[in-house]
Amino acid sequence: MKYKKISFALVTIGLICTYLCEGSFSILSEPRQSCAGYDGIANAIAALTESVSGQTQQVDPLLVLQSKLTDLLKSVRIYKSCDDVTGPPGLYRVRDGIVPRYFFCETQVQGGRWTVIQRRIEGKLNFTRSFTEYTGGFGHPNNEFWIGLTRINGITSQSQHELMIYMEAFDGANATVRYTDFKIGNLSDNFRLTSLGNYSGTLTANSFSTSLNKSFSTFDKDQDTSNTTNCARVWGGGWWFNNCGDSNLNGFYRGPTPTTTPKTSMTWAAFKGNSQPLKASIMMIRKFIP
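Quick caveat, the model's predicted, so the values are computed rather than measured.

1. What to know about the pattern of salt bridges
Counting across every chain of the model gives 7 salt bridges. Note that Glu133 and Arg129 form a salt bridge whose closest N and O atoms lie 3.0 Å from each other. A relative accessible area of 17% means that Arg129 is categorised as buried. Look at the salt bridges and you will find they share partners, linking Glu162, Arg178 and Arg286 into a network.

See the structure below:
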């Protein structure tokens, strides 16, 4: 009778694991096994099953099971935001409206508390996407991805948030820029970049300033200020373009060779100019604390 209870409990844990995966990051279209935490929980269940089956009658396996289950549930705590996370960098379940989603929280860089909203590291994910895709987000937060304009608006409209951008070039150089009050409008405002705040960083010039008060533009929703060019179609990706401007971290991923035509790749003018493609970029936001 006791082992029937154990079997029932193990099935219950499996159902919990399935439920947690169903609540994973909504923009993903990954197999359930690839969702955050699934492998760890599944391995824990397998180990627990083996452990329980080998228990002697001197140790109550249900007590062991209760302890293990408590540890598993602790690992899937739901956070209000990445500002509340103190563990190692990685995926955490964060309250996103009604349903919790997995966000990547960076907890070690510059004091932590960062929510990663964009990551490009190797060019395997296509960033030339439609306006609808940029609205909802795409990719996997553990790898290359864009969190979605709707989420960025939802986060930055609640309170003042700062933005930090890390960039890396193919020659090994890197740069970091920060803005004290990053905010974008909602869909009805075309996700306009409404605020940046004060600038600081390792670069003298500010290549994001020309994007201020510009709508988000994609190849299929041309909202840049150029009268002659669809900047997103020429540069690739989607961005807050001002007559194509001085930056586009979502542009075409070209590799280390400079482009013949300026502004036709992933660039940040103040870092490597408009013709030298960048290797990597990470955009992160967190609540601003003066």
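Continuing now.
2. Here we look at the side chain of Thr135
Looking at the secondary structure, you find Thr135 in helix 4 (residues 131–136). Overall, the relative accessible area of 15% leaves Thr135 in the buried class.

3. So, the pairing of strand 4 (residues 114–120)
Taken across its 7 residues, strand 4 has 7 buried, putting it largely inside the fold. Two strands pair when backbone bridges link them, and strand 3 (residues 99–106) and strand 4 are joined in this way by 2 bridges, in the antiparallel orientation. Its bridge partner lying in strand 4, Glu106 is registered against Trp114. Examined bridge by bridge, strand 4 and strand 14 (residues 280–287) share 5 bridges and lie antiparallel to one another. Bridged to Arg120 within strand 14 is Ser281.

4. A closer look at the environment of Val94
Topologically, Val94 is positioned in strand 2 (residues 90–96). With a relative accessible area of 2%, Val94 lands in the buried category. When residues no more than four places from it in sequence are discounted, the contact partners of Val94 are Ile78, Tyr79, Lys80, Ser81, Cys82, Pro100, Arg101, Phe103 and Cys105.

5. Description of the state of the cysteines
Disulfides are covalent bonds that connect the sulfur atoms of two cysteines. For the structure shown, the criterion picks out 2 disulfides. A disulfide bridge connects Cys82 with Cys105, and the sulfur atoms are separated by 2.0 Å. Disulfide Cys82-Cys105: torsion about the S-S bond near -70°, hence left-handed. Here Cys82, found in the loop between strand 1 (78–79) and strand 2, pairs with Cys105, found in strand 3; they are 23 residues apart in sequence, far enough to count as distant. The class of Cys82 is buried, set by a relative accessible area of 1%. The exposure class of Cys105 is buried, given its relative accessible area of 0%. Each sulfur of the disulfide joining Cys231 and Cys244 lies 2.1 Å from the other. Given an S-S torsion of about -95°, the disulfide between Cys231 and Cys244 has left-handed geometry. Linking Cys231 in helix 6 (residues 231–235) with Cys244 in the loop between helix 6 and strand 12 (247–248), this pair joins segments that are 13 residues apart in sequence. Classification of Cys244 as buried rests on a relative accessible area of 9%.

The rules we used
- Residues numbered from 1 in each chain as written.
- Predicted model: local features only at pLDDT ≥ 70, side-chain atom pairs only at ≥ 80, totals over all residues.
- Heavy atoms only, no water.
- Salt bridge = Lys/Arg side-chain N within 4 Å of Asp/Glu carboxyl O.
- Buried < 20%, exposed > 50% of the residue type's maximum accessible area, 1.4 Å probe, protein only.
- Helix = DSSP H or I, 4+ residues; strand = E, 2+ residues; numbered from the N terminus.
- Pairing = 2+ DSSP bridges.
- Contact = heavy atoms within 4.5 Å.
- Disulfide = S-S within 2.5 Å.

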